[in-house]
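One letter stands for each residue in the lines below.
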Amino acid sequence: MRMIDAKNLVFEYIRRDEEGNVEAINRALDEVTLDVSEGDFVAILGHNGSGKSTMAKHINAILIPSEGTLYVNGFDTKDEEKIWDIRQSAGMVFQNPDNQIIATVVEEDVGFGPENLGVPTEEIWQRVEESLKAVGMYEYRSHSPNKLSGGQKQRVAIAGIMAMRPKCIILDEPTAMLDPNGRKEVIKTIRDLNKKEKVTVLLITHYMDEVIHADKVIVMDSGKVVMQGTPREIFSQVDKLKRYRLDVPQVTELAYELKKQGMPLPDGILTREEFVEAMMEVRNGAFTR
Amino acid sequence: MIRDITIGQYYPSGSIIHRLDPRVKLIGTIVYIVSMFLFDTFWGYLVTGLFLFGVIKASKVPLKYIVKGLKSVIILLLFTVSFNLFLTPGEHVLVHFGFIIITTEGIRFAIFMGLRLVLLILGSSLMTFTTTPNELTDGIERLLGFLKVLHVPVHEVAMMMSIALRFIPILLEETDKIMKAQQARGADFETGSLIKRAKAMVPILVPLFISAFRRAGDLAMAMEARCYRGGKGRTKMKPLKYKPKDAVAFCVYVVYIVTILGVDRYLPMI
Amino acid sequence: MALLLDNVSYVYGGGTAYEKQALKNINLEIPDGRFIGLIGHTGSGKSTLIQHLNGLMKPSNGTVYFNGADIGAENFHKKELRSKVGLVFQYPEHQLFETTVLKDVQFGPKNLDLPQLEVDLRAYDALKMVGITDDLYDASPFELSGGQKRRVAIAGVLAMKPEVLILDEPTAGLDPMGRDEILDQIEKIHKERKITVILVSHSMEDVAKYVDRIIVMNKGEIAYDGTPKTVFSHYKELEKIGLAAPSVTYVMHDLNQMRIPVSTDATTVEEAKLEILDWWQQERIIR
C-alpha cells in the first residue's frame, strides 16, 4: 500500500508589501510527484531552501498544497475533517529537540500525544512504556528533559510520536543540532523502528552518511524532485550531487576520484568494506593481467 | 550567574509531598499564604517556620536548593525591609539622623515583614519544587473547573502556564548565552549611567524576543503535529484522584491553622 | 606568543553538590598565525576553554596570558582583549539585533569607542572579508538566508580586528556546500590577514582538511595535541573517548591490513587519493 502519494504538488508563498499588494510569488514546491510505500525507509536530501521542509509540512497537513493532490495513508490532506487522522498516521519530529518537548517530565511528554487523541488512561501508560522502551529511554522516564543530552531529547521526541501509534514518521533534520554521538544514537533508533516496528520512515537530512542505508533517496532542488533512486544510484552521480549543493560520503568521493584517474573501480561505493573489497579486486586484477 | 535561579524548578525526589494530589498542594499553599495574615506575634512566625521546615524536610528537597531561590528576590527583600525600617513611625526613637528615623517599632516591623516575605516565598516555591508543571496545570484546571461555565478558557490558561514554566530555564540559559556573545563584541553591561545601561539591554532583549517567538512558533507547530486541539476530548495520563494521604494533609492544615490562632491569642505578646 | 595558559583549572558550582571540574591544569601555548582545531565531545570542556581565552570566564586557578600580559590582572583592559581575541559563538546569527546588516556589524567597533570613520571602514572591510556584497548592507539581517546571517554575524566579530579568531562550530546546521563555503572563507581570512584561527568542530573531516594543529579535549584535560597526522594515528584511543578519525584514515588502515601497502598517514581525500595512486603506479610497473 502507498503510505504517501503526491501528484504534481505545488505550493506557493505569496509575499505582500506593507499595503498588502502582492510583491512576489515564491514557488516552494514545484510539481512534486513522489510516493512512499508502507514500511519503506526513504531519505530526502536537499540543501537549505530546496523545499524539503515544506514538503514535510505538507505530509503532516501543517501546510495545504496550492495545486495538486497529496494522499497520506489514504487520506486527502485537503480534507479538513481528516486532519487529525492524517497527523495521527504520519507523526512528525522536528529539528530542535527543545522546541518540541512540552512537558517537564519525560513520561508526561510522551503521554501528551495519546492524551490529545483521547486514549484511555491505562492504555496511555502502556503506550508510554512501550514507546520509551523502543527508543531506549525507559530508564529516564521520570527525568526532566532539560537534563538530557541532545540525542536523548530527540529520542524522547521520537517516543512522543511513537506513542500515537503512527504508521509513518517524518523526521525533519532531526540530527542537525546534535553532536556526532547524538546523531549516531538517533539514526540507530530510527533504523531500529523501521526494522522492528515496521514504521515507514521519511528522513530529511543533509548528512550524506545517514542515508546510505535508506531504501530510496530523493533529491530536491528549488522545489523540484531532481533525483530519485537507491543510495547507490544516487551516490554514483557525484558531480550532479555537488551541483545541487550536496556532498557524498568521504569513501564514495575517494573511490570516485580514483576512478577518474583511471582505476577500475565500480560506481557508487558507499562503505569502507565495499571500497576495500573493490581495491582487492584491483590488486588481484593487476596480478592476472 | 543567571542560571542559578532555582525558583519554580521541579525537583524530583519522589517524597510523600511530591505524591500528594496537586489540588491538595494548591489549597495548602493558599491556606499557608492566608495564615501569614492571621497573626502578629513572634509565636505565629515560630509555628509557621516550624510548619514550613517540617514540610521541607518531608519533601526531601535540599534546604540549600530552596534557599538559593531567594537570591533572585533579594533586592525586593532588602527594599521592603529598609522601607519598613526607616518609615515606621513610633514612640521609641533609637536613631535620629537628618531625615532618617529608626524606632523600635520600625525594627520590629522590619524584621517581621522580612520574615513574612521569606516564609511566603519559600513556602510558595515549595509548591513548584514538588509539583510538575503538568500536575500543577491539572490541579488548577480542576480547581477552577467551575469557571468553564462562565466560558473562561481554564484549560488553555493552565496549559500556557505549564509551558511558560517549562521554558523558563531554557530562556534563562539563552539569555546567558546572548549576554556572553554580545560581551564578546565589546558590549558593556556593568558600567555607565542608568540610561546607558538600559540602552545596553537592547542587544540582549531583541535577540531574546526573536528567539522566544521562534520557539513559540515551533512549539505550536509541534503541538499541532501531536494532535493538540485544546481541552476538548482529551484524556489524562495522570488523572487526579484523592487518596487517604490527601485527607491526612487536609487534617494537617486544620491543625496548623488552629495552632496559629491559638498561640497568637493565648501566648504572651513578644 | 599570542596566548598562553599556565596551569589553568576551572570548577563549576564550587562547594555545592553539583561541583564539577570543567578544566584540569591546562597548559597550552597558542603562537601567532596558526590554524588550530579544537575537538572533543559535548561536555569535554572545550566551550569552557575558549571562554577563558577572551576573559569571559575567569580561571579558578592558574593564569591566562595574552601577548605576555596576565589577563586576570586588575589593570588589564578587558574590552581590548575581547577585541583582540574574537569569539564567535555557536549559531551566532541568533545574536543579530540591529535594523540593518551594516549597523549590526558596526556594533563591535562602536563599543571600542573608535571614530565613526574607522567604525565604517572596519564594518565595510569585515563584510567584504566574509563575502557579503554591498547590496545587502541596508537589508534587515532577519531577511537574509541562514548562511548569509551567519556570515554577517562572523563579520560582526571580524570588525573588531581580532588577532585571534575563535569559532565555535561555525558550520552547525548549514548544508554541505554552505559548510565548505564558510570554512573556505575562514581559511582565506586566516591566510590573507595572518589571523590565528581556533576552530571548534565535531567534524574530523573538516578539521583534517583545514588545520595544521589539533587539540583534543577530554574530561577537562588535553588528551592529544599535535598535527592531524599524529593525532589521528591515535584513532583507537580517540574512539575510547567518543571521537573518531576521518573515514579515509580508517580506509587506509583497512587497505594496509589487506596487504595493500599505503601510508596510513592520510587524513584527507586528496592525500588518500595520491597515496593510493602512488601504490597503483608501482603495482603496474612491477607487472
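Residues numbered from 1 in each chain as written. Chains lettered and ligands numbered in written order. Predicted model: local features only at pLDDT ≥ 70, side-chain atom pairs only at ≥ 80, totals over all residues. Heavy atoms only, no water.

As for the nonpolar core
Ranked by internal contacts, the top residues of the largest apolar core, which has 50 residues, are C:Val105, C:Leu127, C:Val152, C:Leu158, C:Ile214, C:Val216 and C:Leu238. Counting residues per element, this core draws most heavily on helix 5 (residues 146-158) of chain C, at six residues. Aside from chain neighbours lying at most four places away, what touches C:Leu238 is C:Val216, C:Tyr224, C:Val231, C:Phe232, C:Leu243 and C:Ala244. Counting residues in each nonpolar core, the second largest holds 48 residues, with A:Val106, A:Val135, A:Leu246 and A:Tyr256 among its members. (Core = buried A, V, L, I, M, F, W, Y, C linked by side-chain atoms within 4.5 Å. Buried < 20%, exposed > 50% of the residue type's maximum accessible area, 1.4 Å probe, protein only. Helix = DSSP H or I, 4+ residues; strand = E, 2+ residues; numbered from the N terminus. Contact = heavy atoms within 4.5 Å.)

A look at the interface of chain B and chain A
At the interface, 30 residues of chain B touch 38 residues of chain A. A per-residue breakdown of the area chain B buries against chain A is headed by B:Arg166, B:Arg226 and B:Met237, which together make up 29% of the total. If you look at where chain B meets chain A, you find six salt bridges. Put simply, B:Arg166 and A:Asp98 hold a salt bridge, and the shortest N to O gap is 4.0 Å. Counting across the chain B and chain A interface gives 18 residue pairs in polar contact (both at pLDDT 80 or more). Elements that contribute at least two residues to the side of chain B that touches chain A include exactly helix 7 (133-143), helix 8 (154-184) and helix 10 (202-225) of chain B. In terms of residue class, the side of chain B that touches chain A is built from 16 nonpolar, four polar and ten charged. (Buried area = accessible area lost by both parts, 1.4 Å probe. Salt bridge = Lys/Arg side-chain N within 4 Å of Asp/Glu carboxyl O. Polar contact = N/O pair within 3.5 Å; in protein donor to acceptor, adjacent residues only side chain to side chain. Nonpolar A, V, L, I, M, F, W, Y, C, P; charged D, E, K, R; others polar.)

What to know about the state of the cysteines
Within this structure, the stated rule accounts for zero disulfides over all chains. Looking at A:Cys168, it has no disulfide partner, and the nearest cysteine sulfur is the one in B:Cys227, 14 Å off. (Disulfide = S-S within 2.5 Å.)

Looking at the UniProt feature "domain: ABC transporter" (unreviewed entry) in chain A
UniProt records the feature "domain: ABC transporter" (unreviewed entry) at residues 4-247 of chain A, using the numbering of this structure. Span residues 4-247 of chain A is 34% helix and 28% strand, its end C-alpha atoms 27 Å apart. (UniProt positions renumbered as here; feature names shortened; annotations may be inferred.)

Points about the environment of A:Ser66
All names here are of chain A. Its location among the elements puts Ser66 in the loop between helix 1 (52-59) and strand 4 (67-72). The partly exposed category is assigned to Ser66, whose relative accessible area is 38%. If sequence neighbours within four positions are ignored, Ser66 has contacts with Val10, Phe11 and Glu12. At 2.9 Å, the side chain of Ser66 and the backbone nitrogen of Glu12 are in polar contact.

Here's the deal with helix 5 (residues 74-87) of chain B
Think of an α-helix as 3.6 residues a turn; residues three or four steps apart then line up on the same face. Residues and elements named next belong to chain B. The end-to-end C-alpha distance of helix 5 is 20 Å, a good match for the 20 Å that 14 residues give at a rise of 1.5 Å each. Of the residues making up helix 5, those classed as buried are Leu77, Thr80 and Asn84. Considered in projection along helix 5, the buried side chains sweep an arc of 70° and stay on one side of the axis. The exposed residues of helix 5 that point more than 90 degrees off its buried face are Ile75, Leu78, Phe79 and Leu87. In the core, the buried residues of helix 5 are packed alongside helix 6 (104-130). (Expected span 1.5 Å × (residues − 1). Arc of directions from axis to C-beta.)

With respect to the side chain of A:His206
Relative to the assigned elements, A:His206 resides in the loop between strand 8 (200-205) and strand 9 (216-221). Dropping the residues within four chain positions of it, A:His206 is found in contact with A:Leu45, A:Gly46, A:Asn48, A:Lys52, A:Glu173, C:Gly173, C:Leu174, C:Asp175, C:Pro176 and C:Arg179.

Quick look at the interface of chain A and chain C
Taken together, the contact pairs 34 residues of chain A with 34 residues of chain C. For the pair chain A and chain C, the two sides together bury roughly 3200 Å², of which 63% comes from carbon and sulfur. Area buried by chain A at its contact with chain C is led by A:Arg245, A:Gln250 and A:Arg283, which between them contribute 21% of it. In this structure, A:Arg245 engages C:Glu181 in a salt bridge whose closest nitrogen and oxygen atoms are separated by 3.3 Å. For the side of chain A that touches chain C, the elements supplying multiple residues, two or more each, are helix 6 (180-196), helix 9 (250-260) and helix 10 (272-288) of chain A. Looking at side-chain class alone, the side of chain A that touches chain C contains 18 nonpolar, seven polar and nine charged residues.

Quick notes on the packing of helix 5 of chain B against helix 6 of chain B
Residue and element names in this part refer to chain B. Running from N to C, helix 5 and helix 6 point in directions that differ by 160°, and their axes come no closer than 7 Å. By the angle between their directions, the pair helix 5 and helix 6 is classed as roughly antiparallel. Read as a crossing pair, helix 5 and helix 6 show a hand that is right-handed. Contacts between helix 5 and helix 6 involve Leu77, Thr80, Val81, Asn84 and Leu85 from the first element and Gly106, Ile107, Phe109, Ala110, Met113, Gly114, Leu117 and Val118 from the second. (Axes fitted to C-alpha atoms, helices over the stretch in contact; angles between N-to-C directions. Parallel < 35°, antiparallel > 145°, perpendicular 65-115°, else oblique. Left-handed = near helix turned anticlockwise from the far one by under 90°.)

Looking at a nonpolar patch on the surface
Residues and elements named next belong to chain B. A surface patch of nonpolar side chains, amounting to about 550 Å² of accessible area, comprises Leu94, Val95, Phe97, Ile107, Ile111 and Leu115. Elements represented by at least two residues in the nonpolar patch include exactly strand 1 (93-97) and helix 6. You can see Ile107 is positioned in helix 6. (Patch = residues over 30% accessible without salt bridge, like charges linked within 9 Å, V, L, I, M, F, W, Y side chains within 5 Å. Areas by Shrake-Rupley, 256 points an atom, 1.4 Å probe, with all protein chains shown as cover.)

Brief notes about the sheet that holds strand 9 of chain A
Strand pairing in a sheet relies on backbone hydrogen bonds, with the paired strands running either antiparallel or parallel. Residue and element names in this part refer to chain A. In spatial order, the strands read 6-7-8-3-9-10; together these six strands make up an open sheet with mixed pairing. Of all the strands in the sheet, just strand 6 (90-93) and strand 10 (224-229) have a single pairing partner and so form its edges. Ignoring which end each strand starts from, the neighbouring axes of this sheet average 20° apart. In terms of strand pairing, strand 6 meets strand 7 (residues 168-172) through four bridges, oriented parallel. Opposite Ala90, over in strand 7, you have Cys168 as the bridge partner. (Pairing = 2+ DSSP bridges.)

A few points about the pattern of salt bridges
Using the criterion set out here, one finds 43 salt bridges over all chains in the structure. Across the salt bridge formed by A:Asp109 and B:Arg226, the nearest N and O atoms sit 3.4 Å from each other. Within this pair, whereas A:Asp109 is found in helix 3 (residues 106-117), its partner B:Arg226 is found in the loop between helix 10 and helix 11 (244-266), the two belonging to separate chains. Judged by its relative accessible area of 0%, A:Asp109 is buried. Residue class for B:Arg226 comes out buried when judged on its relative accessible area of 3%.

Notes on helix 1 of chain A
Residue and element names in this part refer to chain A. Along helix 1, six of the eight residues are buried, which leaves the element largely enclosed by surrounding structure. All buried positions along helix 1 are accounted for by Lys52, Thr54, Met55, Ala56, His58 and Ile59. Positive phi shows up at Ala61, right after helix 1, with a value of about 60°.

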